[in-house]
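Overview (structure and organization)
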Amino acid sequence: MDLKEAVKDKIPWDGTLPLNEFSLSASTFSDKWKMFNHSFPPWLWNPCPKHHLNSSHKVEGYLSLENVCLVKSCEEEKNHGSLSWKAESNISQAEEPFDHATLVCPEFEANHYDFHIVYSPSYRVPVLYFRSYYSDGQPLPLSEIEKDLPGHSAELLLESKWTFITQEEHPYLNRPWYKLHPCGTRDWMKLLLSDTYTSSNKNFIEQYLVSWFSVVGQVVGLKISLEMLNIEEKKLFETTASDIFE
Amino acid sequence: MSEAQKYVWKGAIPLQIHLHESEVTTLPPPPPALVLAPRIGYLPLLISLLKPHFSATLPPGVDTIWFEYKGLHLKWYIPTGVLFDLLCMEPERPWNLTVHFRGYPSNLLLPCEGEDSVKWSFINSLKEAAYVITGNCKNIMNMSQTDQVDLWGSVLNGNLESYSRVSSKLKLETFEDEYTENVDSASTKSQQSTGDAEAVGQVKTSRIPVRLYLWAVNEDFDDFEDAPVIDNWDKVSYINRPVEIHKEDGKYFSLNDAVKRLLPEYFPESSFGNEGDASINQSAGEEGENSCDPESSSHTVEIAEIKCVRIQGIEPSLEVPFSWVVNNLMNPEYFLHMCVCLKVSEANALQ
């Protein structure tokens, strides 16, 4: 280990993810998602900008998970933080509701969601962007989205509306999207992971997005399979999103 | 307060604002409104001047103001001066805009509910800038109510003196003065004083908040009159990325250096020293090796050339120290907004 590495170990980790590690962390996340979250379609990598350039340069991009439908669940389920999601498909009706290959979204009662994970160079953390629309393509107002969120998120939203979910232009797509504001991310990622951090732990960087999503996903009701986390993280995973956000 | 800052704060764009014909209900139609819009201000704030001017002719209903230029809706959270520098590269004086009070394009444009929305957007950007410079938003979150009101008021009224008074409390200086070393973030500062950092040769970085509006063209042109028009926001790349300053950059890190550092995909040599990617543009060589086909023995390389960098309506020499540019030309929310036109061409590389 050279001197630089030795210095890095002395400095406590600040909870951020370096820009050049984002695509690696993203591919680990999407691979694990594919392996363990069968009921969902995979996350896709979207390179940006789209114009052709020096191909050797590491391409910027973001992850997308689009057109997942939120099925109206009863209040009790929502209070336990779990929502029922189904993926859009145009094949026949299924008996198994969580097999995404054979499910049709009930058109009259489904809210469609698109999720993007975009890196913020200012905050040096990933940010979750999302938007929601009815089956006819009309966007959902925030008041309707709030109704869709798991119980504890809605409370947080009411308390600090401006600093929690905000509406901003998507960094690449020139359209208004909603996002979970990133200014606290670094702090709670530090809480979550600093025990497992060492600069020589490459696995740590790869796991960053998985760990991050284990918290952020809960806010929007997307629970990841615990199998995606490694053993240390499972131990730490007693925290819920509301504990972290408070 | 430097002379340059005074000029920036006094800078204004003469606008000739026409009400969209679909909203004109009287004959003759109202004349356009002539308004001097502050460069560092935002278009929706002009409603106090425009509403009285057009109210007699507007159809009944709720007013939500939005603007367009030659069919392109204008993003209201971008400072007026930046919109002008970007969309009107060949300056039009006065700048002819169309105003709407109805039919807000909410699928395209973030909602704007008056001054509060603009103020919120401004504070949010200020928080982001503070985060970039110091690593946290505390000094903004901890602002007293009076200071917040004074700060926003000074921007609304274009009062640089009042602004300087409040903003100096925020301690967001990025460069100490024009040609000295950079102000480090709090954590590295303490290490510097104990001498530990020097002993192990740690690289110190500063981060400068920048918003770069990039417009790449393939054809060459002599005058901006002949330049291809920006008729769609997809033609502009919005790059919201801080400039990372390294210790070894020295005192004369220029505007040219900063722009190239922000665009590693166009200027790969400049990325040496940045975190990570030291592999420079090897693609040409690698592709050449892999393709054994004699037909494809020549391959193309892309060359980018900075055609224009426009900041606060001026095109500074690219050799000006970046520290001067930041200190004197940044906007009140501590972001430096740069409009950059890049000419990208393909050239056949020789083996």
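Residues numbered from 1 in each chain as written. Chains lettered and ligands numbered in written order. Predicted model: local features only at pLDDT ≥ 70, side-chain atom pairs only at ≥ 80, totals over all residues. Heavy atoms only, no water.

1. Focus on the overall build of chain A
The number of helices and strands found in chain A is nine helices and seven strands. Across the 246 residues in chain A, those meeting the buried criterion constitute 49%. Of the contacts made within chain A by residues no fewer than 6 positions apart, 57% connect residues no fewer than 24 positions apart. (Helix = DSSP H or I, 4+ residues; strand = E, 2+ residues; numbered from the N terminus. Buried < 20%, exposed > 50% of the residue type's maximum accessible area, 1.4 Å probe, protein only. Contact = heavy atoms within 4.5 Å.)

2. Notes on a negative patch on the surface
Residues and elements named next belong to chain B. A surface patch of negative charge is lined by Glu90, Asp222, Asp223, Glu225 and Asp226. You can see Asp223 is positioned in the loop between strand E7 (210-217) and strand E8 (236-240). A relative accessible area of 40% means that Asp223 is categorised as partly exposed. (Patch = residues over 30% accessible without salt bridge, like charges linked within 9 Å, V, L, I, M, F, W, Y side chains within 5 Å. Areas by Shrake-Rupley, 256 points an atom, 1.4 Å probe, with all protein chains shown as cover. Salt bridge = Lys/Arg side-chain N within 4 Å of Asp/Glu carboxyl O. Lys, Arg positive; Asp, Glu negative; His and termini not counted. Charge placed at Lys NZ, Arg CZ, Asp CG, Glu CD.)

3. Regarding helix H7 (residues 160-168) of chain B
Residue and element names in this part refer to chain B. Looking only at H7, the buried set comprises Leu160, Ser162, Tyr163, Val166 and Ser167. Here the buried residues of H7 occupy an arc of 155° about the axis, which is enough to place them on one side. Within H7, the exposed residues directed more than 90 degrees away from the buried face are Glu161 and Arg165. As for H7, its buried residues are in contact with helix H1 (3-10) and helix H6 (145-157). (Arc of directions from axis to C-beta.)

4. Brief notes about the pairing of strand E4 (residues 111-120) of chain A
Residues and elements named next belong to chain A. By the criterion of burial, E4 is predominantly enclosed, with ten of the ten residues buried. Here E4 shows a buried face lined by Asn111, Tyr113, Phe115, Ile117 and Tyr119 and a second buried face lined by His112, Asp114, His116, Val118 and Ser120. Bridge analysis of E4 against strand E5 (residues 125-133) gives nine bridges, and the strand direction is antiparallel. Residue pairing in the sheet places His116 in a bridge with Tyr129 of E5. (Pairing = 2+ DSSP bridges.)

5. Digging into the domain arrangement of chain B
All names here are of chain B. As assigned here, chain B comprises domain 1 (3-100), domain 2 (115-170) and domain 3 (200-349). With 22 residues of domain 1 at the interface, the matching set in domain 3 holds 24 residues. Of the roughly 2,000 Å² buried at the junction of domain 1 and domain 3 (both faces included), carbon and sulfur atoms supply 71%. Broken down residue by residue, the surface that domain 1 buries against domain 3 is led by Leu72, Leu86 and Met89, which jointly contribute 31%. Remark: the boundary between domain 1 and domain 3 carries zero salt bridges. For the pair domain 1 and domain 3, the interface holds four residue pairs in polar contact (both at pLDDT 80 or more). Those elements that provide at least two residues to the side of domain 1 that touches domain 3 are H1, strand E4 (72-73) and helix H3 (80-87). The element best represented in the side of domain 1 that touches domain 3 is H3, accounting for five residues. (Domains from an automatic or database assignment. Buried area = accessible area lost by both parts, 1.4 Å probe. Polar contact = N/O pair within 3.5 Å; in protein donor to acceptor, adjacent residues only side chain to side chain.)

6. Topic: the packing of helix H4 (residues 115-134) of chain B against H6 of chain B
Helices that pack against each other are described as a pair by the angle of their axes relative to one another and the distance between those axes. All names here are of chain B. Two elements in contact, H4 and H6, have axes separated by 11 Å at closest approach and are oriented at 110°. With respect to H6, the element H4 is oriented roughly perpendicular. Read as a crossing pair, H4 and H6 show a hand that is right-handed. Along the contact surface, H4 presents Glu115, Val118, Lys119, Phe122 and Leu126, while H6 presents Leu151, Trp152, Val155 and Leu156. For the contact of H4 with H6, a count of residues per class yields seven nonpolar, no polar and two charged. (Axes fitted to C-alpha atoms, helices over the stretch in contact; angles between N-to-C directions. Parallel < 35°, antiparallel > 145°, perpendicular 65-115°, else oblique. Left-handed = near helix turned anticlockwise from the far one by under 90°. Nonpolar A, V, L, I, M, F, W, Y, C, P; charged D, E, K, R; others polar.)

7. Some remarks on the pattern of salt bridges
All names here are of chain B. For the structure on display, the rule yields 16 salt bridges over all chains. Note that Asp85 and Arg39 form a salt bridge whose closest N and O atoms lie 2.7 Å from each other. You can see Asp85 sitting in helix H3 and its partner Arg39 sitting in the loop between strand E2 (33-38) and helix H2 (47-54), a full 46 residues away along the chain. Residue class for Asp85 comes out buried when judged on its relative accessible area of 3%. Residue Glu315 pairs with Arg310 through a salt bridge whose shortest N-O separation is 2.8 Å.

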